[in-house]
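# Examination of the molecular architecture
Single-letter residue listing:
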Amino acid sequence: MDNTLSYHEGHDPDWFDVQYNLRAGRPDYEETVIPGWIADSQKARDTLNCTLDIRYAAGEKQMLDVFRCGDATAPTLIWIHGGYWQRGDKSVYSFLAAPFVQAGVNVVVVGYDLCPTVSMTRISEELREALTYVWQEGEALGINRDRLTVMGHSAGGHLTQMMMATDWPARAATLPADMIKAGIPVSPLSYLEPVRLTIALNANLRMDRVEAEAESPMTNHPPLTDAPQLIVVGGAETDEFHRQSQMYLDTFGTDARAMEMYVVPGVDHFDELNVLADPASPFFAKTCAMLGL
């Protein structure tokens, strides 16, 4: 494991499938996991102060939901959902807003177009468009644009890292370099080549080697901010997900750029989100600390 960018080489297709095709390891995913999140998310939308389906750009899924705590000066958590860039919808993750709103946080849940309708490269750009919109329209949205923390899970963890690597002033002179005050990539895909080699996943992603390298934080998108980052992985996740998180921390953590690894005890890739939604959990507490609470 000395060379983090070549460790995956030489493994057979079954190894990639076990390490990265995570739904195959959770046969109850469609029967219990997703239905539970959908039900809890509907309850959140029914009970919280929220504005749904705010369009931030022209793509079919380029909309966001805002959940408000009642204090426009409170910190803002921007959530980016997972689904390997090819599945999922922002509406499935409204449930995560509930404990944060109760804790005094405004939450923005971002939607984006999916592969193969758009490319991996385009998805990264869509998230940049979303964050630009949040900054420019913060007052109208009723949130504090000066206290933005970006957090995402799995593919959303990769996109969180991509946002930490964005040169915001280069996009618009009005955007500050320190627009994002903290980042929390959860089970991130920091290096995409092994994902490209996972046959069941890349059938819809359609990444070639060039795009996988170009869209990898590890090879082309180092952080451009010293904002602190909390990198999270589930204790029961596969070895590769632990390695994906560790390599990012080892490469980019510095004295100036504080990075912490937190392993959520005993949970896999999916159940770690249920722990995040528990306001009594250390994971929730650590996230609140990153938000400045």
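Preceding this paragraph is the structure being described.
Scope of this entry: the structure provided in the associated data block.

Rules of the game
- Residues numbered from 1 in each chain as written.
- Predicted model: local features only at pLDDT ≥ 70, side-chain atom pairs only at ≥ 80, totals over all residues.
- Heavy atoms only, no water.
- Helix = DSSP H or I, 4+ residues; strand = E, 2+ residues; numbered from the N terminus.
- Expected span 1.5 Å × (residues − 1).
- Buried < 20%, exposed > 50% of the residue type's maximum accessible area, 1.4 Å probe, protein only.
- Contact = heavy atoms within 4.5 Å.
- 1 Å grid on protein atoms, 1.4 Å probe; cavity = no way out; pocket = protein on both sides within 12 Å on 5 of 7 lines; lining within 4 Å.
- Points joined across faces, edges and corners; volume = space filled by probe spheres on them.
- Nonpolar A, V, L, I, M, F, W, Y, C, P; charged D, E, K, R; others polar.
- Pairing = 2+ DSSP bridges.
- Axes fitted to C-alpha atoms, helices over the stretch in contact; angles between N-to-C directions.
- Salt bridge = Lys/Arg side-chain N within 4 Å of Asp/Glu carboxyl O.
- Parallel < 35°, antiparallel > 145°, perpendicular 65-115°, else oblique.
- Core = buried A, V, L, I, M, F, W, Y, C linked by side-chain atoms within 4.5 Å.

So, on to helix α12 (residues 239-252). The end-to-end C-alpha distance of α12, which contains 14 residues, comes to 20 Å, matching closely the 20 Å that a straight helix rising 1.5 Å per residue would cover. Buried within α12 are the following residues: Glu-240, Phe-241, Arg-243, Gln-244, Ser-245, Met-247, Tyr-248, Leu-249 and Phe-252. Those residues of α12 hidden inside the fold are in contact with α1 (13-20), α6 (155-164), α8 (193-196), α11 (217-220), β7 (229-234) and β8 (259-264).

Per the stated rule, a full pass over the model turns up one cavity of 30 Å³ or more. Roughly 120 Å³ of internal volume is contained in the largest cavity. Looking at the largest cavity, it is lined by 13 residues, and the ones nearest its centre are Tyr-29, Gly-83, Ser-154, His-269 and Phe-270. Of the residues that constitute the lining of the largest cavity, the class distribution is six nonpolar, five polar and two charged.

Taken together, the eight strands give an open sheet; going across it, the order is β1-β2-β4-β3-β5-β6-β7-β8, and neighbouring strands pair in mixed fashion. Two strands close off the open sheet at either side, each with one partner strand: β1 (49-55) and β8. Here the average twist between neighbouring strands, direction ignored, is 20°. With six bridges connecting them, strand β5 (residues 148-153) and strand β6 (residues 180-186) associate as parallel partners. Each bridged residue has a counterpart across the sheet, and for Thr-149 the counterpart in β6 is Ala-182.

Turning our attention to the pattern of salt bridges. Going through the model one piece at a time under the given rule, you end up with 16 salt bridges. With a closest N to O distance of 2.7 Å, Asp-28 and Arg-26 form a salt bridge. Across the pair Arg-209 and Glu-193 runs a salt bridge, and its minimum N-O distance is 3.4 Å. Separated by 16 residues along the polypeptide, Arg-209 in helix α10 (residues 209-214) and Glu-193 in helix α8 bring together distant segments of the chain. Exposure remark for Glu-193: the relative accessible area of 4% places this residue in the buried category.

Further remarks concern the packing of α1 against α12. Viewed as axis vectors pointing N to C, α1 and α12 meet at an angle of 70°, and their least axial separation amounts to 7 Å. Between α1 and α12, the angle falls in the class roughly perpendicular. Residues Trp-15, Gln-19 and Tyr-20 of α1 touch α12, and the partners they reach there are Asp-239, Glu-240, Phe-241 and Gln-244. For the contact of α1 with α12, the class distribution of residues is three nonpolar, two polar and two charged.

Counting 92 residues, the largest nonpolar core has Trp-37, Tyr-84, Trp-85, Phe-100, Val-107, Tyr-112 and Val-195 as the members making the most contacts within it. It is helix α4 (residues 120-136) that provides the largest number of residues to this core, a total of eight residues. When near neighbours in sequence (up to four residues on either side) are disregarded, Tyr-112 contacts Tyr-56, Lys-61, Ile-80, His-81, Gly-82, Ile-123, Glu-126, Leu-127, Ala-155 and Leu-159.

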